[in-house]
Structures are given as C-alpha cells and as structure tokens.
Amino acid sequence: MTHTAQRIAVITVTWNSASVIAEFLTSVQASRFNGELQVIVVDNESADATLEVVHRVMPSAVLVSTGRNAGYAAGVNAGIRRAEDCDAYLVLNPDLRLDPDAVQIMADTLASGGSGIVVPRLVDGTGGVRYSIRRDPTVLRAWGEALLGGNRAGRFHHLGEVERHEDAYRIERTVDWATGAAMLISRECASAVGEWDETYFLYSEETDYALRARDAGFVIRYTPAAQVVHLEGESHEAPALFALLTRNRVKLYRSRHGALRSAMFWLAVTAGELLRCRSRVHRAALWALLGRRGVVAQPGD
C-alpha cells in the first residue's frame with residue numbers, strides 16, 4: 001500500500017527575489033500538511049536583499065548558495081542534493097502563493113494515483129486560470145502556432161501545445177507535461193530520472209525533465225483541487241528571455257528527434273517569429289533562431 005509522503009523538501013530557486021520571497025515563505029508556513037516540510041532556498045547570487053528576507057521570515061530555512069547565476073535547473077539540482085531523507089520534492093517558483101491545503105492535496109494525489117509528478121492548478125492574482133497544461137511538442141503543433149498564434153492554436157488538440165480549454169483545468173487528469181512553476185516529484189521518480197539538465201539554464205528544463213520521467217514509466221498528474229497563485233512572468237516581455245525560451249524550445253525538440261523532423265520544427269518556429277518580427281521580442285527570438293551571436297547568453301554554448 002502506498003502512503004502519503006510524510007517528509008517533503010520544498011525547494012525554491014531565487015535570483016533577486018526580495019520582492020516576492022516573503023509572501024511565498026509565509027504561504028508555505030501556512031500550509032496545512034500532516035507531515036514535515038523542509039524548506040530549502042537555493043540562491044543564484046542575488047544582488048538584492050533576498051537572503052536577508054529569508055533569514056527574517058523563515059530562520060529555519062536551509063540556505064544553499066550556488067555562488068553564481070547558475071540557472072534554474074542547477075538550482076533545483078542543488079536543492080535536491082541538499083534535501084535530507086525526503087519522500088518527495090516540491091519544486092516551486094518564489095513568485096507563488098500556496099493555498100493552505102495545496103501541499104496536502106498534491107501529496108495525497110502523488111500517493112493515490114501511481115504518479116511520479118503532480119502539478120496543481122495555477123491561477124493569477126484574481127483567481128483566473130493560468131494555462132499551465134501542455135501537450136507534446138510536434139511539428140504540426142509548431143506550424144499551428146506559427147500560423148494561427150498560440151492562443152488560437154491551443155483550442156485545437158493537434159494544432160497547439162498549450163491547452164486553452166478551461167474545462168480541461170477543472171478535472172483531475174494525466175497530462176503530457178505542465179509548466180514547471182510547481183511540481184511535486186516522488187523520490188522514486190527523481191532517482192530514476194536523474195538530475196535536471198543544466199544546459200538549458202532557463203526554460204524547457206521542466207519539459208525535458210517531464211518527458212524523461214514519462215520515458216522512465218512515470219505518470220504526470222494534474223490536480224485542480226490543489227490551487228496555487230502564480231504571479232505574472234516576464235518571458236513574453238523581455239526580448240532576451242523570450243529569445244532564450246524560443247531557442248530552448250527548438251533545442252529540446254532536436255534532443256528527442258532526428259535531423260529531418262528537427263529541421264521541420266525549426267522551420268515552423270522560425271516562420272512564426274518571422275511573421276511577428278515587427279515586435280521587439282519576436283525579432284530577438286528570430287535572431288536567436290538564426291544563430292546571431294550575442295542575442296542570448298547561455299552557459300554551455
């Protein structure tokens with residue numbers, strides 16, 4: 001018989017997160033969880049008051065310093081390595097606010113559903129759903145998003161990667177993958193899959209991890225009963241971040257497919273950015289896809 005995890009490592013990776021980390025930690029403290037939570041804050045060389053805020057709000061938190069801006073995957077790996085005798089790892093962005101029952105619901109789902117990874121329902125500050133469920137990347141979906149745009153393509157199962165039907169966010173279900181803002185990972189899954197791929201630095205690392213978990217035979221379960229507020233990100237507003245997101249999307253597909261299909265995927269994504277290149281963010285993504293140096297800096301290049 002499978003039992004609910006009794007000791008969970010809550011891992012968050014910070015980088016200049018002073019403006020959000022206090023409310024995040026307060027929401028973790030308010031969690032109604034029957035077991036024990038070990039909070040681990042991995043800091044990527046913040047230049048602001050992030051560490052001071054952590055000390056003030058949660059002195060018991062374990063602080064891990066990477067000594068540099070090592071990226072999200074490297075931070076998660078450092079946190080998992082530091083966790084002590086845990087049944088599961090709850091990886092959370094620092095700009096989240098947990099519902100008090102979210103951790104317990106996710107832990108129960110992990111225990112009862114035969115899952116390796118459980119993800120919650122993400123909402124914005126007003127309670128509106130954030131479209132966090134994803135479908136597998138395919139060439140057809142890349143072309144669908146290029147020609148129709150992500151919002152419209154997502155309404156059609158075969159044409160969009162982002163699930164855009166709100167009904168899909170109301171029921172517990174197995175998903176291809178989901179955004180990595182909040183993921184509860186069983187110890188068995190983490191041991192089988194291994195470390196997060198640090199060559200992605202930021203974006204697509206959670207996709208890679210989720211797909212490798214599925215390759216290892218684990219199920220990814222979405223549970224709407226667990227609700228988490230996720231503040232707005234900057235990836236679609238900052239040219240460098242959007243360029244990195246776009247390039248890593250192609251890199252991920254290439255890592256799992258042959259040369260011909262990868263070329264077709266790259267062509268679809270590039271066409272989409274070309275069609276929208278009047279926008280500064282899409283122009284940056286186009287230059288990154290075309291290999292213009294200096295547009296995106298990423299370790300490992």
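The structure this text deals with has already been given above.
Read on for an overview of the structure.

Parameters and conventions
- Residues numbered from 1 in each chain as written.
- Predicted model: local features only at pLDDT ≥ 70, side-chain atom pairs only at ≥ 80, totals over all residues.
- Heavy atoms only, no water.
- Helix = DSSP H or I, 4+ residues; strand = E, 2+ residues; numbered from the N terminus.
- Rg over C-alpha atoms; globule rule 2.2 N^0.38 Å.
- Buried < 20%, exposed > 50% of the residue type's maximum accessible area, 1.4 Å probe, protein only.
- Contact = heavy atoms within 4.5 Å.
- Areas by Shrake-Rupley, 256 points an atom, 1.4 Å probe, with all protein chains shown as cover.
- Lys, Arg positive; Asp, Glu negative; His and termini not counted.
- Charge placed at Lys NZ, Arg CZ, Asp CG, Glu CD.
- Core = buried A, V, L, I, M, F, W, Y, C linked by side-chain atoms within 4.5 Å.
- Pairing = 2+ DSSP bridges.
- Right-handed = clockwise from strand over helix to strand, strands pointing away.

On a plain count of helices and strands, the chain comes out with 11 helices and 11 strands. For 301 residues, the compact-globule estimate of 2.2 N^0.38 gives 19 Å, and the chain sits close to it at 19 Å. When the backbone C-alpha atoms are referred to their principal axes, the chain occupies close to 50 × 45 × 40 Å. Taking all 301 residues of the chain together, 52% fall into the buried category. By sequence separation, contacts in the chain at least 24 residues apart represent 74% of the contacts at least 6 residues apart. Of the roughly 13,700 Å² that the chain leaves accessible, carbon and sulfur atoms contribute 52%. With 33 positive and 35 negative side-chain charges, the chain shows a separation of 8 Å between the mean positions of the two kinds.

Attention now goes to the nonpolar core. Core analysis: the biggest nonpolar cluster contains 36 residues, and I40, Y89, I117, I185 and W196 have the highest contact counts within it. Looking at this core, the element that brings in the most residues is helix α3 (residues 72–82), giving 5 residues. With residues up to four places along the chain from it excluded, the contact list for W196 reads Y72, A73, V76, N77, I80, M183, I185, E205, E206, Y209 and R212. The next biggest cluster of nonpolar side chains, apart from the first, holds 31 residues, and it includes V53, L110, L184 and V228.

Burial of helix α11 (residues 280–289) is extensive: 7 of the 10 residues sit out of reach of the surface. Among all positions in α11, only V281, H282, A284, A285, L286, A288 and L289 are buried. As for α11, its buried residues are in contact with α9 (239–256) and α10 (259–275). Just downstream of α11, G291 is the residue with a positive phi angle, here 85°.

Bringing the pairing of strand β2 (residues 36–43) into the picture now. Taken across its 8 residues, β2 has 6 buried, putting it largely inside the fold. Pairing between strand β1 (residues 7–14) and β2: 8 bridges, direction parallel. What sits directly across from V10, in β2, is V39. For the handedness criterion, the β-α-β arrangement of β1, helix α1 (residues 18–29) and β2 is classed as right-handed. Relative to strand β3 (residues 62–65), β2 runs parallel, the two being bridged by 4 bridges. Note that in β3 the partner of V41 across the bridge is L63. For the segment spanning β2, helix α2 (residues 50–57) and β3, crossover handedness is right-handed.

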